[in-house]
Amino acid sequence: MCILRVEYEENVFVKLIQTKARVAPLKDISIPRLELLSCTLGTRLAASVKNDLNLPDVRIYYLTDSMTALAWIQRTRDWGVFVFNRVKEIRNLSDVSSWEHVPSEKNFADILTRGCSTQQLIYLRWWEGEPSWLSENLVQCPRSKQVPDENAINLELRKSVCVCVLVNTAKRIEEFNWHCKCFLSYLKFVRMMAWIFRFFKNAKRIDVCNTSEITFSEFDHAEKIVIKLIQMEI
């Protein structure tokens, strides 16, 4: 929801400019993520209105009743993919210092998501200048004493995976060190490995027995195996 507030002499005019809502996705998605999607949608709407009305220097205030979404926007952390992509877009289109928290009971934009009857809509008449606190001489958001839920905020931190591999190096060196005793030439050892792999292939096939010279592809494959064996010894 985008509202324009104009100060002219001693008068203050507040008018609704444009609203936009989106149906929630069918797949399960958390409430804080939905709130972040609303912030992203609101940021796009504000940028569009600012461009259409040709107001490059206008001051924009962004209000949300989600402490979790506000923390994601204001904090520079290593967020997960979902939060990171949307926070990045919000930061590109808005100034982080312009984001404020508004209590849920003061958030007039909730009418777009919670729904109401036509009678309630006519009675509220928020398009004529409500809420009243926007008509004050200075724009001051109603302050909330609500404390952010750090657990909900930290749930969207990027997951780091640590893999620990324990190798019995002494045993592996003893297992693979036999080739050093039999072959003093690196090329001879690679060719021997290629012939071993050739033997495995011939053993699996009864009808055909390949006795030709070792091909380049067979030599290359054998050399890669040898390099892996050497790396395991280091």
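Computed from a predicted model, the values in this text were never measured in an experiment.

Q: So, the packing of helix α1 (residues 31-52) against helix α3 (residues 81-93): which residues are in play, and what are the values?
A: The contact between α1 and α3 brings their axes to 9 Å, and the two run at 25°. Considered as vectors, α1 and α3 are oriented roughly parallel to each other. Where α1 crosses over α3, the handedness of that crossing is left-handed. Of the residues in α3, those touching α1 at R33, L36, L37, C39, T40, T43, R44 and A47 are F82, V83, R86, V87, E89, I90 and L93. Classifying every residue of the contact of α1 with α3 by side-chain character gives nine nonpolar, two polar and four charged.

Q: Got a sec to walk through the packing of aromatic side chains? Specific residues and values, please.
A: Centre-to-centre distance and the angle between the planes together describe a pair of aromatic rings. Counted according to the given criterion, the structure contains three aromatic pairs. Taken together, a centroid distance of 4.9 Å and an interplanar angle of 20° make the contact between Y62 and W99 stacked. Of the two residues, Y62 is situated in strand β3 (residues 62-64) and W99 in strand β4 (residues 99-101); the sequence distance between them amounts to 37 residues. By relative accessible area, Y62 is classed as buried at 8%. Residue classification places W99 among the buried residues on the basis of a relative accessible area of 3%. The interplanar angle of 55° and the centroid separation of 6.2 Å between the aromatic rings of F199 and F200 together place this pair among those described as tilted. For F199, a relative accessible area of 54% translates into the label exposed.

Q: Which residues make up the pattern of salt bridges, and what values do they have?
A: Counted according to the given criterion, the structure contains seven salt bridges. R33 is the salt-bridge partner of E156, the closest N and O atoms lying 2.9 Å from each other. Residue E156 is found in the loop between α6 (150-154) and α7 (169-176), and its partner R33 is found in helix α1; the two are separated by 123 residues along the sequence. A salt bridge links R191 to E213, with the shortest nitrogen-to-oxygen separation between them at 3.7 Å. Of this pair, R191 sits in helix α9 (residues 186-204) while E213 sits in the loop between α9 and α10 (216-233), and the two are 22 residues apart along the sequence. Classification of E213 as exposed rests on a relative accessible area of 56%.

Definitions and cut-offs
- Residues numbered from 1 in each chain as written.
- Predicted model: local features only at pLDDT ≥ 70, side-chain atom pairs only at ≥ 80, totals over all residues.
- Heavy atoms only, no water.
- Axes fitted to C-alpha atoms, helices over the stretch in contact; angles between N-to-C directions.
- Helix = DSSP H or I, 4+ residues; strand = E, 2+ residues; numbered from the N terminus.
- Parallel < 35°, antiparallel > 145°, perpendicular 65-115°, else oblique.
- Left-handed = near helix turned anticlockwise from the far one by under 90°.
- Contact = heavy atoms within 4.5 Å.
- Nonpolar A, V, L, I, M, F, W, Y, C, P; charged D, E, K, R; others polar.
- Phe/Tyr/Trp six-rings, centres within 6.5 Å; stacked < 30°, edge-to-face > 60°.
- Buried < 20%, exposed > 50% of the residue type's maximum accessible area, 1.4 Å probe, protein only.
- Salt bridge = Lys/Arg side-chain N within 4 Å of Asp/Glu carboxyl O.

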